[in-house]
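Chains, contacts and geometry: an overview
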Amino acid sequence: MSSLLSYALPALGSYAMLSIFFLRRPRLLHTPWAPVFLPRLGAHRAGSGELLENTMEAMENSLAQRSDFLELDCQLTRDGVVVVSHDKNLSRQSGVNRDVSSLDFEELPLYKEELEVYFSPGRFAHGSDRHMVSLEDVFQRFPRMPMSVEIKEENEELINKVAGLVRHFDRNEITVWATEKSSVMKKCRAANPEMPFSFTIGRAVWLLLLYYLGLLPFASIPERFFFCFLPTIINRLIMRKSLIHHLEQRGVQATNMKSLSTELGSISTLHIQQMRTTARAWSFGALMKSRILKWPMAWGPVAS
């Protein structure tokens, strides 16, 4: 046993030192992704904290507040129109118990006069614009606005239509694939491999596992965005400054959207900041006590 330990302990120590060395200097092993856009202020559900989610009015308001990144969810109508909608069923949004896929685009009901803000229970958003919009109309209105498009189900027709719209409007570099499911992401990447994509839940868990095992510096990371929606208390337990710094150095843009939203009390304008200075970057304590537009921080990977 003692002879085994005499070999194992030095080997383990050497592995740990090597892992830490490359965790801090990943560019010695990997070429970082070159950023094509560096958003500073993002709008979840296109700006749902002040106005009704995913409406043109909310998007215009987000731009007026200097937002430069829209987060959208998409569904497909019965007549094949890609519509910007977070929910598959319209009950929460409109009070109509029908799926988006069971209606033609022209038959879609108006949003309710007020909608509860998801990350701020008991708080409601209002707006004069209550119309659902198509993704095509959004691309036409905001041709160079970076966006993430989340696909929630394995709907190949929806995925192919989104991919086609992105190509048609020449948005391959500024539109990000997003989904929680790895199986859906596989289909998204196949439909348009030129679009950058974010971590799925499964891949995010794998990322954390590799980090805590010391293997992350030696693993490839094809994703370019890390959108985290975990509660703040979980982030404080599992997220580390060294992990965020490592991702940044490899060109992966990371943000905790839920913590930002909750702390701000509004999820329409999420301050997407670089999380590289202190471990407190995942709690946002003192930062979020100030008003959002007083913090014009840029974020994104360091250019190679």
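So, here is what we can say about the structure in this document. (Residues numbered from 1 in each chain as written. Predicted model: local features only at pLDDT ≥ 70, side-chain atom pairs only at ≥ 80, totals over all residues. Heavy atoms only, no water.)

This part takes up the overall build of the protein chain. Helix and strand counts for the protein chain come out as 10 helices and 10 strands. Long-range pairs, those at least 24 residues apart, make up 69% of the contacts in the protein chain with a sequence separation of at least 6. Of the roughly 14,500 Å² of accessible surface on the protein chain, 57% is carried by carbon and sulfur atoms. (Helix = DSSP H or I, 4+ residues; strand = E, 2+ residues; numbered from the N terminus. Contact = heavy atoms within 4.5 Å. Areas by Shrake-Rupley, 256 points an atom, 1.4 Å probe, with all protein chains shown as cover.)

What follows covers the side chain of Asp129. Turning to its location among the elements, Asp129 is positioned in the loop between strand E5 (124-126) and helix H4 (135-141). Comment: no salt bridge for buried Asp129; closest opposite-charge side chain is Arg141, at 7.2 Å. Among the polar contacts made by the side chain of Asp129, one reaches the main-chain amide nitrogen of Met56 at a distance of 3.4 Å. (Buried < 20%, exposed > 50% of the residue type's maximum accessible area, 1.4 Å probe, protein only. Lys, Arg positive; Asp, Glu negative; His and termini not counted. Salt bridge = Lys/Arg side-chain N within 4 Å of Asp/Glu carboxyl O. Polar contact = N/O pair within 3.5 Å; in protein donor to acceptor, adjacent residues only side chain to side chain.)

For the rest of this paragraph, the subject is the environment of Tyr15. In this fold, Tyr15 is placed in helix H1 (residues 2-24). When the C-alpha atoms of Tyr15 and Gly214 are compared, they prove to be 8.4 Å apart, with 199 residues separating the residues in sequence. The residues touching Tyr15, leaving out its near neighbours within four places in the chain, are Leu213, Gly214 and Leu215. Polar contacts involving the side chain of Tyr15 include one to the main-chain carbonyl oxygen of Leu213, which spans 2.5 Å.

The subject of this paragraph is helix H2 (residues 56-64). Among the residues of H2, those classed as buried are Met56, Ala58, Met59 and Ser62. Along the long axis of H2, the arc covered by the buried residues comes to 160 degrees, so they all point the same way. On the buried face of H2, the contacting elements are strand E1 (41-44), strand E2 (69-76) and H4. Count one or two residues on from H2 and you reach Arg66, which has phi positive near 70 degrees. (Arc of directions from axis to C-beta.)

The next point concerns the side chain of Thr55. Positionally, Thr55 belongs in the loop between E1 and H2. A residue is classified by how much of its surface remains accessible, and Thr55, at 0% relative accessible area, is buried. Only 2.8 Å separates the side chain of Thr55 from the backbone oxygen of Leu52, close enough to count as a polar contact.

The next subject is helix H9 (residues 241-249). Listed as buried for H9 are Leu243, Ile244, His246, Leu247, Glu248 and Gln249. Once H9 ends, the next one or two residues include Gly251, with phi positive near 85 degrees.

Further remarks concern unusual backbone geometry. The phi dihedral of Arg45 is positive, around 50 degrees, even though this residue is not glycine. Locating Arg45 in the fold gives a position in the loop between E1 and H2. With a relative accessible area of 3%, Arg45 lands in the buried category. One non-glycine residue, Asn54, lies in the positive phi region at around 60 degrees. Along the chain, Asn54 falls in the loop between E1 and H2.

On to the packing of aromatic side chains. Applying the stated criterion across every chain yields a total of 7 aromatic pairs. Ring geometry for Phe37 and Phe69: centres 6.0 Å apart, planes at 20 degrees, overall stacked. One end of the pair, Phe37, is in the loop between H1 and E1; the other, Phe69, is in strand E2, with 32 residues separating them in the sequence. Note on Phe37: relative accessible area 8%, which makes it buried. The exposure class of Phe69 is buried, given its relative accessible area of 1%. Each ring, one from Phe199 and one from Phe226, has its centre 5.3 Å from the other, and the planes form 80 degrees; the classification is edge-to-face. Within this pair, whereas Phe199 is found in the loop between helix H6 (182-191) and helix H7 (201-213), its partner Phe226 is found in strand E8 (residues 225-228), the two being separated by 27 residues in sequence. Here Phe199 matches Phe226 in class, with each residue buried. What links up through ring pairs into an aromatic cluster is the set Phe21, Phe22 and Phe218. (Phe/Tyr/Trp six-rings, centres within 6.5 Å; stacked < 30°, edge-to-face > 60°.)

Once that is clear, we can look at the pattern of salt bridges. All told, the structure shown has 11 salt bridges when counted by the stated rule. Note that Asp73 and Lys152 form a salt bridge whose closest N and O atoms lie 3.4 Å from each other. With Asp73 in strand E2 and Lys152 in the loop between strand E6 (147-150) and helix H5 (156-168), the pair connects residues that are 79 residues apart, well separated along the chain. In this structure, Glu223 and Arg203 form a salt bridge, with 2.7 Å as the shortest nitrogen-oxygen distance. Separated by 20 residues along the polypeptide, Glu223 in the loop between H7 and E8 and Arg203 in helix H7 bring together distant segments of the chain. The exposure class assigned to Glu223 is buried, which follows from its relative accessible area of 3%. Look at Arg203 and you get partly exposed, because its relative accessible area is 24%.

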